[in-house]
Amino acid sequence: AQTVTQSQPEMSVQEAETVTLSCTYDTSESDYYLFWYKQPPSRQMILVIRQEAYKQQNATENRFSVNFQKAAKSFSLKISDSQLGDAAMYFCAFIGGNQFYFGTGTSLTVIP
Amino acid sequence: ETGVTQTPRHLVMGMTNKKSLKCEQHLGHNAMYWYKQSAKKPLELMFVYNFKEQTENNSVPSRFSPECPNSSHLFLHLHTLQPEDSALYLCASSQLLGTSDSEQYFGPGTRLTVT
């Protein structure tokens, strides 16, 4: 079975500090894609960053970067210089072989 | 309008009612999805349409009936729902299915309450 696990239901970070959200997945697929989505309170879910499994280089989008460890099936999200607007639910997602799986989410609080 | 839109944003219905949720995407995508989001549970994929053809039905009860008349519109018809069906229903679209262009763009969701 293919699954996505986010082991941290809640995280908090001081404004301007760095936080890392963890995600692990299980799959037998060799070709797949990983995503982090952000869902602010009562707002639309938006894509934060994506990683193709065949790429060894970790994806980076401004203050957001991932640590992709394919052998360990780990896909963590690092948010640098955290801002108040980063407060949201963060979902890790796996897409492979036309199958889609999301984790249960991590609620991130940013402390002023 | 741009992106993925969903109407209505909020819906309260009785267990004997019939209602429909509408999703429209303005991104020129070819795949559309319905998800159910309940508190403290992973997003549950319900249906997938690719080029108007249904490709996935993840054991969804027949009281949920999808319809995809074209690549831009997706409906979810509801009838004789149960209180446990109360949730946020999200629509999403992607350019293609199962490729590097499969990142999904989500609508704002319909908050459904079944009384």
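Everything numeric in this text was worked out from a predicted model, so none of it was measured. (Residues numbered from 1 in each chain as written. Chains lettered and ligands numbered in written order. Predicted model: local features only at pLDDT ≥ 70, side-chain atom pairs only at ≥ 80, totals over all residues. Heavy atoms only, no water.)

Draft legend 1. Main features of the overall build of chain A. Of regular secondary structure, chain A possesses 0 helices and 12 strands. Against the globule reference of 13 Å for 112 residues, chain A gives a C-alpha radius of gyration of 13 Å, in line with a compact fold. Reported as C-alpha extents along the three principal axes, the dimensions of chain A are approximately 40 × 30 × 20 Å. Buried positions account for 46% of the 112 residues belonging to chain A. Relative to all contacts within chain A whose residues are 6 or more apart in sequence, the contacts with residues 24 or more apart total 54%. Total accessible area computed for chain A in this model is approximately 5,500 Å², and 45% of it derives from carbon and sulfur atoms. Each charge sign in chain A was given a centre, from 8 positive and 10 negative side chains, and these centres are 4 Å apart. (Helix = DSSP H or I, 4+ residues; strand = E, 2+ residues; numbered from the N terminus. Rg over C-alpha atoms; globule rule 2.2 N^0.38 Å. Buried < 20%, exposed > 50% of the residue type's maximum accessible area, 1.4 Å probe, protein only. Contact = heavy atoms within 4.5 Å. Areas by Shrake-Rupley, 256 points an atom, 1.4 Å probe, with all protein chains shown as cover. Lys, Arg positive; Asp, Glu negative; His and termini not counted. Charge placed at Lys NZ, Arg CZ, Asp CG, Glu CD.)

Draft legend 2. Structural view of unusual backbone geometry. Residue and element names in this part refer to chain B. A cis amide bond, omega -10 degrees, links Thr 7 with the succeeding residue Pro 8. Note that Pro 8 resides in the loop between β1 (4-7) and β2 (10-13). In this model, Phe 51 sits at a positive phi of 50 degrees, which is unusual for a non-glycine residue. For Phe 51, the position within the fold is in the loop between β5 (44-50) and β6 (53-57). Of note in this structure, Thr 80 is not a glycine but carries a positive phi near 45 degrees.

Draft legend 3. Structural context of the environment of Ala 31 of chain B. Residue and element names in this part refer to chain B. Here Ala 31 is to be found in strand β4 (residues 31-37). A residue is classified by how much of its surface remains accessible, and Ala 31, at 0% relative accessible area, is buried. Separated by 64 residues in the primary sequence, Ala 31 and Gln 95 place their C-alpha atoms 6.2 Å from one another.

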